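Next come the chains, spelled out residue by residue.
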Amino acid sequence: MALKYEDVIAKYEPVLGLEVHVELGTESKMFCGCNTVFGAAPNTQTCPVCLGLPGSLPVVNGKAIEYTIAIGLALNCSIAPFSRFARKNYFYPDMPKNFQTSQYDEPICVNGYLDVTIDTEEGPKEFRVEIERVHMEEDTGKSLHMGGATGRIHGADYSLLDYNRAGIPLVEIVTKVITGTGKYAPEVAKAYVSELRDILRGLGVSDVKMEQGSLRCDANVSLRPIGVEKLGTRSETKNVNSLRSVERAVRGEMIRHAELLNNGEKVVQETRHFHEDTGLTTPGRSKEQAEDYRYFPEPDLVPVAPTPELIEKIRASLPEKPSIRRKKLQDAWQVPDKEMAAMINADVLDLVEATVKLGADPTRARSWWLGEIARLANEKGVAAAELPISSADVAEIVVLIEKGELTDKLARQVVEGVIAGEGRPSEIIQSRGIQVVSDDSALMAAIEKAIALQPDVAEKVRGGHVPAAGALIGAVMKETKGQADAAKVRELLLKHLGQA
Amino acid sequence: MIKKTATEMASSLKAGEISSVELTQAHLDQIAKVDSEVHAFLYVDSEGAINQARAIDEKRKSGADLPPLAGVPLALKDVMTQKGIPTTCGSKMLEGWRPPYDSTVVTRLKENGVVILGKTNMDEFAMGSSTENSAYGPTHNPWDLTRIPGGSGGGSSAALAAFEAPLAIGTDTGGSIRQPAAVTGTVGVKPTYGGVSRYGLVAFSSSLDQAGPCARTVLDAAHLHEAIGGYDKLDSTSINAPIPPVVAAAKDGNVKGMKIGVIKELQGDGYQPGVLKLFNESLELLAQQGAEIVEVSCKYFDYALAAYYLIAPSECSSNLARFDAMRYGMRIGSGSAEDVMNLTRQAGFGREVKRRIILGTYALSSGYYDAYYGSAQKVRTLISRDFENAFKFADVLVSPTAPTTAFKIGEKANDPIAMYLNDIATIPTNLAGIGGMSLPSGLAEEDGLPAGFQIMAPAMQDDRMYKVGSALEAALLTKWGQPILASAPQLGAK
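Keep in mind the model is a prediction, meaning the values are calculated, not measured.

Procedures and definitions
- Residues numbered from 1 in each chain as written.
- Chains lettered and ligands numbered in written order.
- Predicted model: local features only at pLDDT ≥ 70, side-chain atom pairs only at ≥ 80, totals over all residues.
- Helix = DSSP H or I, 4+ residues; strand = E, 2+ residues; numbered from the N terminus.
- Rg over C-alpha atoms; globule rule 2.2 N^0.38 Å.
- Buried ≥ 20, exposed ≤ 12 C-beta atoms within 10 Å, placed from the backbone.
- Contact = placed C-beta atoms within 7 Å.
- Nonpolar A, V, L, I, M, F, W, Y, C, P; charged D, E, K, R; others polar.
- Domains from an automatic or database assignment.
- Axes fitted to C-alpha atoms, helices over the stretch in contact; angles between N-to-C directions.
- Parallel < 35°, antiparallel > 145°, perpendicular 65-115°, else oblique.
- Left-handed = near helix turned anticlockwise from the far one by under 90°.
- Pairing = 2+ DSSP bridges.
- Expected span 1.5 Å × (residues − 1).

Caption draft 1: Focus on the overall build of chain B. Scanning chain B from terminus to terminus reveals 16 helices and 11 strands. Expected size for 494 residues packed as a compact globule is a radius of gyration near 23 Å; at 21 Å, chain B falls within 12% of this value. Expressed along its principal axes, the backbone C-alpha trace of chain B runs to roughly 65 × 55 × 45 Å. Buried residues in chain B amount to 62% of all 494 residues. Restricting the contact set of chain B to residue pairs at least 6 apart, pairs at least 24 apart contribute 76%.

Below you can see the structure in the form of structure tokens.
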């Protein structure tokens with residue numbers, strides 16, 4: 001029987017540390033001119049430099065530096081006038097040089113913060129997450145372990161290597177130790193990654209797709225008994241590939257740690273892998289025998305020394321902050337705070353905005369994304385954004401409703417069809433034969449049939465008992481297979497029975 | 001013809017007295033004749049060289065305006081990549097590897113119409129001072145086949161001394177161009193760090209490695225320097241400035257009024273008396289031409305060797321990590337990737353390479369970094385300061401290039417420290433990133449073997465070395481009545 005979350009937070013204080021890796025959306029790699037487009041055939045986007053062939057040398061991508069400075073500025077960091085790359089030495093087949101070119105003790109951005117707001121029962125709460133550093137590094141290639149049961153390197157028959165990803169520019173954003181969140185630790189973690197993602201998207205520096213790995217979060221979690229100063233032993237959970245997972249992983253690790261501590265056992269300092277399906281983590285590499293990476297300054301690269309003019313130019317071109325953007329949207333749409341928070345929490349704000357931009361009414365757009373679509377997402381255990389329905393689809397549906405060509409009930413069928421992969425809304429309306437029955441004579445026929453079947457009810461209505469009409473309207477809707485506009489049916493029925 | 005200078009060959013080509021195909025063939029014939037004794041080459045690209053020569057001849061016939069060295073052959077140290085041509089770095093690890101790209105030096109040689117004859121022998125991954133560390137057997141000094149031709153670039157220097165090529169490319173991390181030049185009676189220049197692109201130079205120690213020209217005369221070296229030098233956007237550490245006017249300086253050769261600083265710390269104990277005698281005679285010749293000789297002190301040079309043997313191995317331990325059997329080169333064993341890496345690295349690297357990888361791995365380890373790598377970097381700064389101070393008193397600094405003449409093959413093979421001491425006079429310039437040149441100072445009276453005179457200049461003032469080198473070379477030629485290599489024994493009698 002798993003420990004209850006309430007029992008965990010009654011006894012322990014969670015301490016977090018979040019490391020977010022972002023693949024930058026530059027056209028070329030960090031140290032060579034190779035293309036960075038995702039999904040190309042294996043090893044087609046490589047050259048002597050990113051393959052680490054003998055004699056090749058790296059050259060820093062200037063765009064990547066500008067992007068990183070922009071990220072640092074957006075996160076309120078100081079930009080170092082002088083920073084260097086270092087080599088992180090370790091052997092692994094997917095790393096062509098057997099060292100990763102990264103920044104170590106001289107990162108480009110330091111000491112920033114990000115304020116995040118979470119929605120609680122007591123109303124919105126703000127937390128400041130302090131940022132220790134933002135630094136640049138290169139991504140590794142990908143190993144595909146073939147054969148064996150687990151898909152992991154142990155037990156595999158052989159491995160295939162794809163170096164397309166090797167050398168893609170990565171930015172790592174590392175928080176300072178996050179304390180004081182109490183029971184809200186999982187929500188703060190999620191809100192931080194969500195806010196960070198919005199900032200990065202606003203900057204246009206990355207496509208921030210967690211499911212494709214262009215934004216990856218490692219969550220460090222430890223517990224200490226409430227009132228104790230000394231930090232507990234942490235675990236580092238990797239493979240957290242969605243906002244929802246960030247929250248689940250932190251919560252899950254808190255419970256796991258608490259169970260160990262309650263049983264008098266020790267938390268092992270190790271890397272853990274998060275499993276999307278179970279929401280649990282399993283141990284990865286133990287860090288007890290910490291690897292010695294033998295860092296030293298990369299002699300093949302000159303220091304990065306951005307001029308104050310460049311920094312100011314980038315600062316001047318920063319887009320507005322997501323919090324300001326959200327405030328503007330809220331005002332324009334006239335959304336109550338509660339609803340706004342719900343949209344942010346369900347991560348549908350961008351989707352609603354896109355839907356509105358395509359011509360949908362803000363209130364209707366919001367209620368679809370937060371209502372029916374959110375419900376279906378919940379059923380499937382995924383985020384709304386991951387469902388195969390686009391803002392264009394929803395906009396099309398909302399516009400049809402406004403024109404009276406779809407009822408809410410019919411629209412739900414269309415949404416379901418889009419998600420089932422049957423096509424665009426117009427195609428589904430066609431193929432499923434969905435249409436609003438607005439032909440008065442067809443409706444009148446159905447009304448008369450309903451009256452004939454329930455003459456006593458009709459008599460009551462004629463006698464002035466209007467609420468009884470519901471039973472007749474229901475019958476008409478049933479007769480027309482839900483394709484009639486209920487309001488229209490009511491209007492015609494009451495008129496027919498002399499009550500209009 | 002093969003005994004002429006590269007500059008003379010270029011004139012003959014231009015005048016139409018000889019074709020590049022004929023000139024190239026003459027060198028290929030000489031290689032066929034003497035290389036079984038010298039073993040300067042690891043790979044001879046006869047077909048490629050003749051094709052390149054033919055293309056140049058055709059261009060010349062069509063009346064095209066060709067660069068100065070067009071059609072002149074050259075030997076390339078096997079540490080430089082040339083597309084499609086085996087590049088082994090003297091190691092079993094890279095046996096059979098044919099790089100898919102040209103190094104920038106090779107690109108520029110091709111642009112300049114220089115004909116590449118083949119790849120020359122070297123100490124494995126440029127680690128050594130004798131070319132005995134080559135996995136493919138040692139190169140023999142043309143002056144005495146029982147002796148070493150210097151290292152790591154012994155193949156390039158021996159090829160010049162044996163008239164197998166009039167020009168060669170070397171690389172110099174701690175003296176690998178200059179010390180081989182000294183012991184073979186040839187000229188070798190390590191340009192200012194960043195003066196010649198390192199792109200395609202298989203790295204030994206990135207912050208010290210520098211490619212440069214090897215030749216039989218100072219002017220030939222200058223022409224080659226201008227052909228391969230200059231900024232390269234593929235090498236972040238290359239200097240974005242014009243190449244110093246080295247050809248003009250070599251042609252000028254006027255040292256009147258120049259101050260020449262003799263470094264106190266680079267003479268005395270450990271230097272062969274005959275080598276020092278030749279050095280002092282050279283100084284006298286320069287003084288006779290109007291140069292002022294002054295003495296300078298660089299007190300931190302005593303720590304240079306120790307700092308070098310921490311920095312170079314540290315960088316090499318990282319640079320050589322990529323040789324792991326996963327993508328190219330040797331692969332030994334089966335089983336897990338880790339097993340294959342271990343077995344391959346065990347079998348593929350020679351003793352000296354392993355020694356340095358282990359040294360470097362240790363020096364970079366957490367807990368030791370500050371004491372070793374960190375301290376070595378501080379010494380490096382102090383040595384740069386020594387040079388800066390010395391250059392306040394002198395336009396160039398000079399010393400013997402190496403403490404001794406060529407030693408016997410096998411003599412120091414089991415004494416790494418004695419071997420390392422060979423580079424005591426050349427290492428400081430690498431640590432400071434400045435230029436250094438070696439040219440022959442004569443034959444030592446004890447053994448009749450060549451010795452070298454080293455000239456060092458401030459960063460990007462490489463032309464000063466050429467000016468002084470050219471002056472000394474001319475004075476010595478007048479004194480001897482013939483080039484030094486005219487005294488070398490005849491090869492190919494066997």
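Caption draft 2: Highlighting the overall build of chain A. Broken down by element type, chain A carries 17 helices and 14 strands. Counting only C-alpha atoms and orienting by the principal axes, one finds that chain A spans roughly 95 × 55 × 55 Å. In chain A, which comprises 500 residues, the share counted as buried stands at 42%. Expressed as a percentage of contacts within chain A between residues at least 6 apart in sequence, the contacts between residues at least 24 apart total 69%.

Caption draft 3: Structural context of the interface of chain A and chain B. With 26 residues of chain A at the contact, the number on the chain B side is 33 residues. In terms of residue class, the side of chain A that touches chain B is made up of 16 nonpolar, five polar and five charged.

Caption draft 4: Geometry of helix H7 (residues 218-228) of chain B. Residue and element names in this part refer to chain B. In terms of residue burial, H7 counts as a mostly covered element, since 11 of its 11 residues are buried. Residues of H7 that are buried: Val 218, Leu 219, Asp 220, Ala 221, Ala 222, His 223, Leu 224, His 225, Glu 226, Ala 227 and Ile 228. Positive backbone phi, approximately 100°, marks Gly 230, located one or two places after H7.

Caption draft 5: The domain arrangement of chain B, seen in detail. All names here are of chain B. As far as domains go, chain B holds domain 1 (6-297 + 389-487) and domain 2 (303-377). Each of domain 1 and domain 2 was reduced to a C-alpha centroid, and the two centroids are 28 Å apart. With 26 residues of domain 1 at the interface, the matching set in domain 2 holds 22 residues. Among the elements that make up the side of domain 1 that touches domain 2, the one with the highest residue count is helix H15 (residues 427-432) (three residues). In the side of domain 1 that touches domain 2, the residues fall into 15 nonpolar, eight polar and three charged.

Caption draft 6: Fine view of unusual backbone geometry. All names here are of chain B. Residue Ser 152 is reached from Gly 151 by a cis peptide bond, and omega for that bond is 10°. Here Ser 152 shows up in the loop between strand E3 (115-120) and helix H5 (154-161). Residues other than glycine seldom take positive phi values, yet Phe 163 does so here, at roughly 60°. Note that Phe 163 resides in the loop between H5 and strand E4 (167-172). For Phe 163, a count of 23 C-beta atoms within 10 Å translates into the label buried.

Caption draft 7: Expanded view of the packing of helix H2 (residues 20-38) of chain B against helix H3 (residues 46-61) of chain B. Residues and elements named next belong to chain B. H3 packs onto H2 with a crossing angle of 160° between their chain directions and a minimal axis gap of 8 Å. As far as their axial angle goes, H3 and H2 are roughly antiparallel. Crossing of H2 over H3 shows right-handed handedness. Note on element contacts: H3 touches H2 through Ser 46, Ala 49, Ile 50, Ala 53, Arg 54, Ile 56 and Asp 57, opposite Ser 20, Val 21, Thr 24, Gln 25 and Leu 28.

Caption draft 8: Broad picture of the sheet that holds strand E6 (residues 210-215) of chain B. All names here are of chain B. Sheet architecture is open: 11 strands sit in the order E1-E3-E2-E4-E6-E5-E10-E11-E9-E7-E8, paired in mixed fashion. Lying at the two open borders of the sheet, with one neighbouring strand each, are strand E1 (41-44) and strand E8 (292-296). With strand direction ignored, the average angle separating the axes of adjacent strands in the sheet is 30°. The sheet contact formed by strand E7 (residues 259-263) and strand E9 (residues 396-400) spans three bridges and is parallel. Bridge pairing in E9 places Val 262 opposite Val 398. Sheet contacts for helix H16 (residues 462-480): strand E5 (187-190), E7, E9, strand E10 (435-443) and strand E11 (450-457); angle to E10, the most-contacted strand, approximately 10°.

Caption draft 9: Representation of the pairing of E11 of chain B in the model. Residues and elements named next belong to chain B. Here E11 lies mainly inside the structure; eight of its eight residues are buried. Neither face of E11 is exposed, since Pro 450, Gly 452, Gln 454 and Met 456 on one face and Ala 451, Phe 453, Ile 455 and Ala 457 on the opposite face are all buried. Connecting E10 to the next strand, E11, in antiparallel fashion are six residues, including Gly 448 with a positive phi near 65°.

Caption draft 10: How the structure looks around the domain arrangement of chain A. Domain assignment breaks chain A into domain 1 (5-314), domain 2 (320-431) and domain 3 (440-496). A separation of 32 Å is found between the C-alpha centroids of domain 2 of chain A and domain 3 of chain A.

Caption draft 11: Region of interest: the packing of helix H10 (residues 304-319) of chain B against helix H13 (residues 370-393) of chain B. Residues and elements named next belong to chain B. Direction vectors running N to C along H10 and H13 enclose 125°, while the axes themselves pass 9 Å from each other. It follows that H10 is oblique to H13 by the angle criterion. By crossing handedness, the relation of H10 to H13 is classed as left-handed. Between H10 and H13, the residues in contact are Ala 304, Ala 307, Leu 310, Ile 311 and Ser 314 and Tyr 372, Tyr 373, Ala 376, Val 379, Arg 380 and Ile 383, respectively. Of the residues assigned to the contact of H10 with H13, the class counts are nine nonpolar, one polar and one charged.

Caption draft 12: Structural view of helix H14 (residues 440-453) of chain A. If you check H14 of chain A, its first and last C-alpha atoms are 20 Å apart, about what 14 residues at 1.5 Å a residue would give, namely 20 Å. Looking at the buried positions of H14 of chain A, the neighbouring elements they touch are helix H15 (455-462), helix H16 (469-479) and helix H17 (486-496) of chain A.

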